[in-house]
Amino acid sequence: MRKPIAVLMSGAVLVWAVSTANADTPATPSHTRLDDSFAQLRDDFNAKRGHVRLLFVVDSSCPMCLKGLADIDEALLAGTDDPRLDTFVVHVPVIGGGEEHIAPAATLAHNDRVRHYWNASGEFGGRLSAVAGLSSGDDFVYAWDVWLIYGPDATWEGRDPPKPEVLMHQLPELRSRSEFPRLDADEFAREVRQRLDGLADAPVEKSP
Amino acid sequence: MRERSRAWSAAGGAVGMGGAAAFLGACCVSPLAVTLFGVSGAVTIARLAWLQPWFVLVAAMSIAFAFRWAYREGSGVCDPATNRRTRRIVWVAAIIATLLAVASFVPVYYSFV
């Protein structure tokens, strides 16, 4: 009678020990939390000055956003390991996407130089919209499902992100704005490669 | 008898196509797609979104055929009650298919933000 009890207790202690050990060992973080100063993203962005930088704003539970990410991955990200190309993906809650959706969504980008951020308040989309001038008539258009390209000279000063060189989107409200083309992954990849070609003489960062 | 079953089939097809269009329209803006089908499934559904207007077109054609067969003279159905029932079913199917088709376009034009 005593033996089964001892086995059970040993098992319980083992389970407790394993779970405690797991709790103490942080899982590999899939993303960085972004407060409304966006300071972490700004620092990361500016640290890559001289590179071509991509900025995506998505809700990671939005199928069209995920499709955009998958399309750009196929057209560009999966096929390059160019160290002069950096990608920042800001996840915002628009239709219900949460922090728990980021890790699965991140699997769509097959490139080591993609970083993910979570802005819980969604403030980032509002600020980016104001900077980029997203509107439909007099109506404000929140910036999500947008795909931006920044050249090597872009510098992020102050709180708001800089104005992008190229902004593509998948937003119905922006259909009438010809300066903001609808996302075409192949065209997006072409724009990026064109800028990378222009960096031919720029110093190439060495991998650690 | 044959006309009646054709009318019913076409009406059913219209509702099915309207439902498929509404599914594609809703899935592209709903987090439910990710919950139900995962990230890859949601991407696949979003990639099929271009089919949505075609589904609506087929639904409209099916309804047109359903009406044609339901109201055709000399359709071989002698029982007026059967005729009335067939026509009622076609009308109900037309209303449901129309509602589904209209609903399928809502997410295409509004992103709810």
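Quick note: structure is the one above.
Residues numbered from 1 in each chain as written. Chains lettered and ligands numbered in written order. Predicted model: local features only at pLDDT ≥ 70, side-chain atom pairs only at ≥ 80, totals over all residues.

> Could you clarify how one ought to interpret helix 2 (residues 32-47) of chain B in this entry?
Given 3.6 residues per turn, any residue in an α-helix points the same way as the ones three and four places further on. Spanning 16 residues, helix 2 of chain B covers only 16 Å between terminal C-alpha atoms, well under the ideal 22 Å at 1.5 Å per step. The axis of helix 2 of chain B is deflected most strongly, by about 120°, at B:G38. All of the buried residues along helix 2 of chain B are B:A33, B:V34, B:V39, B:A42, B:V43, B:I45 and B:A46. Buried positions along helix 2 of chain B lie against helix 3 (63-75) and helix 4 (102-106) of chain A together with helix 1 (2-27) of chain B. (Helix = DSSP H or I, 4+ residues; strand = E, 2+ residues; numbered from the N terminus. Expected span 1.5 Å × (residues − 1). Bend = angle between axes of the 7 residues up to and from the residue. Buried ≥ 20, exposed ≤ 12 C-beta atoms within 10 Å, placed from the backbone. Contact = placed C-beta atoms within 7 Å.)

> So what exactly am I meant to see when it comes to the environment of B:V90 here?
Residue and element names in this part refer to chain B. The topology assignment puts V90 in helix 4 (residues 80-109). As a C-alpha pair, V90 and V102 span twelve residues in sequence and 18 Å in three-dimensional space. Aside from chain neighbours lying at most four places away, what touches V90 is A7, A11, A66, F67 and A70.

> Explain helix 3 (residues 52-71) of chain B to me, please; I cannot follow it from the model alone.
Residue and element names in this part refer to chain B. The end-to-end C-alpha distance of helix 3 is 29 Å, a good match for the 28 Å that 20 residues give at a rise of 1.5 Å each. Every buried residue belonging to helix 3 is among Q52, F55, V56, A59, S62, I63, A66, W69 and A70, and all of these are buried. The buried residues of helix 3 occupy one face: seen down the axis, they fall within an arc of 150°. (Arc of directions from axis to C-beta.)

> Honestly, the interface of chain B and chain A in this entry has me stumped. Any pointers?
It is common to give the size of an interface as the accessible area lost on bringing the parts into contact. Counting residues at the interface gives 17 residues for chain B, matched by 21 residues for chain A. Listing elements by their share of the side of chain B that touches chain A, those giving two or more residues are helix 2 and helix 4 of chain B. Among the elements that take part in the side of chain B that touches chain A, helix 2 of chain B stands out by supplying eight residues, more than any other. In terms of residue class, the side of chain B that touches chain A is built from 15 nonpolar, one polar and one charged. (Nonpolar A, V, L, I, M, F, W, Y, C, P; charged D, E, K, R; others polar.)

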